[in-house]
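Breakdown of the fold
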Number of protein chains: 2
Amino acid sequence: MDERAALGVLGERLSAAGDDCAIVDGQVLTTDMLHETTDFPEGTTRYTAGWRAVGASLSDVAAMGAEATAAVAVYGAPTFDETELLAFVDGASDVCSAVDAEYVGGDLDDHAEFTTATTALGRTDDPVRRSGASPGEAVCVTGTLGRSGAALELFEAGETERANELFRFEPRVRAGTGLAPHATAMMDSSDGLARSVHQLCAASDCGAAIESPLPIDDAVDAVASDERERRELGAFFGEDFELVCTVPEADLPAARAAVSCPLTRIGTTTADGVTLDGEPLPDRGYSH
Amino acid sequence: MDERAALGVLGERLSAAGDDCAIVDGQVLTTDMLHETTDFPEGTTRYTAGWRAVGASLSDVAAMGAEATAAVAVYGAPTFDETELLAFVDGASDVCSAVDAEYVGGDLDDHAEFTTATTALGRTDDPVRRSGASPGEAVCVTGTLGRSGAALELFEAGETERANELFRFEPRVRAGTGLAPHATAMMDSSDGLARSVHQLCAASDCGAAIESPLPIDDAVDAVASDERERRELGAFFGEDFELVCTVPEADLPAARAAVSCPLTRIGTTTADGVTLDGEPLPDRGYSH
């Protein structure tokens, strides 16, 4: 059974699962595990790892339209080097500070592979789920797409300083709370834009017609050798942590005014089917 | 740097760390990572693994005297077998139900080694810390000691059914909330009784004179070959999840009345030093 099938099985068993966070008494709770072989390419600093791992969980809080309250992390590694450990903690603390949350510690684990598990807690009386979209609404995305894909190319090319910078993203918590009163459905783009749109449409029982140009990050232009690679990194690669949401047409100006980051309309929800420029948009992306 | 030294470094950096849970706005939050090579001996079922991993985090909630609200877990494994995955989820759900908490899901991770990361959330307006004990108070422990040590011996002997049973403990959440109004300091015994008493005394800046007999579990008697091994499994081995607490003499009857499990007085806090029957009690136990 692959990870997607397994998630499907879990979704049937656990009523609280299946969104970016579980909802518990006016709070949202989410957990993630990242580890060296799949998530932290050679050259990733421990500061970046702490920032990124905790940031991934904070992004799930943002995707519910919640304020971020606190985060914890487990640091699992074969050895505990003081400099590396404190760099991880500093990265974790700094990403929390960036979104007004508190990093409150966690646990250590003696682990053969560098492995982190992060959990974030948020607060909202009115969470935005993936399932509220209807046909005829604007599909929007915050910020730009493809930073992480570009970062991986740069890690491979040995340009680790710039790659680390791109790997440290600011979780869209402020945008999420700003969008919450306007968005009918929301999730983060951690599995890639294409898969995220598919997931949101599946949860909402609708479709979406996406139109280019997509807001692809300049960093992608700097590494992509052609338009195909540019689109691959921007639309499919994933591991980006932008918000994908649907907003009724009439609310779009208010939604834009409510966020300080770019909010790009990339399409319109439809009755069914997910297309890009009129062609079917494959449901593929990053599985993790 | 070993794990204890690393925890010391973290405690200096993070003001919210250093107790069984972090305290956030009337809530307590804790996270743990367990994995195959160190925590789940051959023969541990996935049901037991789910129960035990989530139970370990719920035990930390209990140790703060908090009600348990919810838990999440990451299931990391090389393959996702539906039967194993659902068994894990059932174990996680059942241990939550046993303490009136809700298991609300988590994440999957494709991981070379079977690895779980669990997080539990609890609620209390008046958390019991490790640091509140004073000389002259009763030192008490809930339940019996050594179940996990005995279980490991049984796993090695191939008696996996009984070993799995012993590995599934009921987190002491009810005892924790019952003890909270009476206890001056509390923690769980996951590092072993000896180390737990040392940690509680260090946090409270006091000592403790522990007296035998300790409430060692019958399962230990069934596997220990002599008194030395019995004491080793009961006092030092750890990975038990009982509560160790200090209670003023006058409150002891009320504390006993407030819990439905056994509460054994095992000694008295002193000005300094930790002894067992008058001899120094070594500060050693399970580091994990």
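Note that the structure is predicted; figures quoted are calculated from it, not measured.

Cut-offs applied
Residues numbered from 1 in each chain as written. Chains lettered and ligands numbered in written order. Predicted model: local features only at pLDDT ≥ 70, side-chain atom pairs only at ≥ 80, totals over all residues. Heavy atoms only, no water. Helix = DSSP H or I, 4+ residues; strand = E, 2+ residues; numbered from the N terminus. Rg over C-alpha atoms; globule rule 2.2 N^0.38 Å. Buried < 20%, exposed > 50% of the residue type's maximum accessible area, 1.4 Å probe, protein only. Areas by Shrake-Rupley, 256 points an atom, 1.4 Å probe, with all protein chains shown as cover. Lys, Arg positive; Asp, Glu negative; His and termini not counted. Charge placed at Lys NZ, Arg CZ, Asp CG, Glu CD. Domains from an automatic or database assignment. Contact = heavy atoms within 4.5 Å. Buried area = accessible area lost by both parts, 1.4 Å probe. Salt bridge = Lys/Arg side-chain N within 4 Å of Asp/Glu carboxyl O. Pairing = 2+ DSSP bridges. Axes fitted to C-alpha atoms, helices over the stretch in contact; angles between N-to-C directions. Least-squares fit on C-alpha atoms with pLDDT ≥ 70 in both. Polar contact = N/O pair within 3.5 Å; in protein donor to acceptor, adjacent residues only side chain to side chain. Phe/Tyr/Trp six-rings, centres within 6.5 Å; stacked < 30°, edge-to-face > 60°. Lys NZ or Arg CZ within 6 Å of the ring centre and 35° of its normal.

1. A short note on the overall build of chain A
Across its full length, chain A carries 11 helices and 12 strands. Taking 288 residues into account, the globule formula puts the C-alpha radius of gyration at 19 Å, and chain A, at 18 Å, falls close to it. For chain A, the C-alpha atoms occupy an extent of roughly 55 × 50 × 40 Å along the three principal directions. When each of the 288 residues of chain A is scored for burial, the buried share is 60%. When the accessible area of chain A is evaluated, it comes to approximately 10600 Å², of which 46% is carbon and sulfur surface. Each charge sign in chain A was given a centre, from 19 positive and 52 negative side chains, and these centres are 4 Å apart.

2. Side note on the domain arrangement of chain A
All names here are of chain A. Structurally, chain A comprises domain 1 (13–123) and domain 2 (138–280). Inter-centroid distance (C-alpha atoms) of domain 1 to domain 2 is 21 Å. With 28 residues of domain 1 at the contact, the number on the domain 2 side is 22 residues. In total, about 2000 Å² of surface goes out of reach between domain 1 and domain 2, with carbon and sulfur atoms giving 59% of it. Taken together, domain 1 and domain 2 are joined by two salt bridges.

3. Side note on the sheet that holds strand β10 (residues 263–270) of chain B
Residues and elements named next belong to chain B. Pairing within the open sheet is mixed, and its seven strands lie in the order β7-β9-β6-β10-β8-β11-β12. On the outer flanks of this sheet lie β7 (185–188) and β12 (279–280), each paired with one strand and no other. Here strand β6 (residues 138–142) pairs with β10 via five bridges, running antiparallel. Its bridge partner being in β10, valine 141 is matched across the sheet by threonine 264. Contacting β7, β8 (207–210), β9 (243–247), β10 and β11 (274–276), helix α8 (residues 193–204) runs over the sheet at an angle of about 145° to β7.

4. Describing the relation of the copies chain B and chain A
Expressed as a screw transformation, the operator carrying chain B onto chain A has a rotation angle of 180° and an axial translation of 0.0 Å, and the superposed copies differ by an RMSD of 0.0 Å. The transformation relating the two chain copies, once decomposed into turn and shift, fits a two-fold axis. For chain B, the minimum C-alpha distance to the rotation axis belongs to alanine 117 of chain B and amounts to 3.1 Å. Most of the interface of chain B is mirrored in chain A, where 98% of its interface residues again form contacts.

5. Description of the pattern of salt bridges
All names here are of chain A. According to the stated counting rule, one finds 36 salt bridges over all chains in the structure shown. In this structure, arginine 162 and glutamate 165 form a salt bridge, with 3.2 Å as the shortest nitrogen-oxygen distance. Within this pair, arginine 162 and its partner glutamate 165 are both found in helix α6 (residues 160–167), separated by three residues, close to a single helical turn. Given a relative accessible area of 37%, arginine 162 falls into the partly exposed group.

6. So, the environment of arginine 147 of chain A
Residues and elements named next belong to chain A. Mapped onto the fold, arginine 147 is located in helix α5 (residues 147–156). As for arginine 147 and leucine 179, which are separated by 32 residues in sequence, their C-alpha atoms are 22 Å apart. Beyond its immediate stretch of four places on either side in the chain, arginine 147 contacts Glu165, Leu166, Arg168, Phe169, Asp217 and Asp240. A polar contact is formed between the side chain of arginine 147 and the backbone oxygen of arginine 168, at a distance of 3.3 Å.

7. A word on the pairing of strand β6 (residues 138–142) of chain A
Residue and element names in this part refer to chain A. β6 sits mainly inside the fold: five of its five residues count as buried. Side chains of β6 alternate between two faces, with Ala138, Cys140 and Thr142 and Val139 and Val141 buried alike. Bridge analysis of β6 against strand β9 (residues 243–247) gives four bridges, and the strand direction is antiparallel. When the bridges of β9 are listed, cysteine 140 appears paired with cysteine 245.

8. Brief notes about the interface of chain B and chain A
Each partner contributes to the interface: chain B provides 52 residues, whereas chain A provides 51 residues. Between chain B and chain A lies a buried interface of about 4400 Å² when both sides are counted; carbon and sulfur atoms form 68% of it. Run the count over chain B and chain A and you get four salt bridges. Residue aspartate 25 of chain B is joined to arginine 123 of chain A by a salt bridge in which the shortest nitrogen-to-oxygen separation is 3.4 Å. The tally of links from chain B across to chain A stands at 12 residue pairs in polar contact (both at pLDDT 80 or more). Among the secondary structure elements, those contributing two or more residues to the side of chain B that touches chain A are α1 (3–13), β1 (22–24), β2 (27–35), β3 (67–77), α4 (82–98), β4 (102–110) and β5 (115–123) of chain B. Sort the elements by how many residues they give to the side of chain B that touches chain A and β4 of chain B lands first, with nine residues.

9. Some remarks on the packing of aromatic side chains
Inspection of the entire model under this criterion finds 16 aromatic pairs over all chains. Between the aromatic rings of phenylalanine 88 of chain B and phenylalanine 114 of chain B, the centroid separation amounts to 6.4 Å while the plane-to-plane angle is 85°, which identifies the pairing as edge-to-face. Note that phenylalanine 88 of chain B is positioned in helix α4 and phenylalanine 114 of chain B in the loop between β4 and β5, a separation of 26 residues in sequence. Note on phenylalanine 88 of chain B: relative accessible area 1%, which makes it buried. What makes phenylalanine 114 of chain B buried here is its relative accessible area of 2%. Of the aromatic side chains, those joined through ring pairs into one cluster are Phe40, Tyr75, Phe80, Phe88 and Phe114 of chain A. Here the guanidinium or amino end of arginine 52 of chain B rests over the ring plane of phenylalanine 167 of chain B, the centre of that ring lying 3.6 Å away.

10. Regarding unusual backbone geometry
All names here are of chain A. Note the cis peptide between serine 212 and proline 213, where omega equals 5°. Within the secondary structure, proline 213 sits in the loop between β8 (207–210) and α9 (218–223). Residues other than glycine seldom take positive phi values, yet glutamate 239 does so here, at roughly 65°. Checked against the element boundaries, glutamate 239 lands in the loop between α10 (227–236) and β9.

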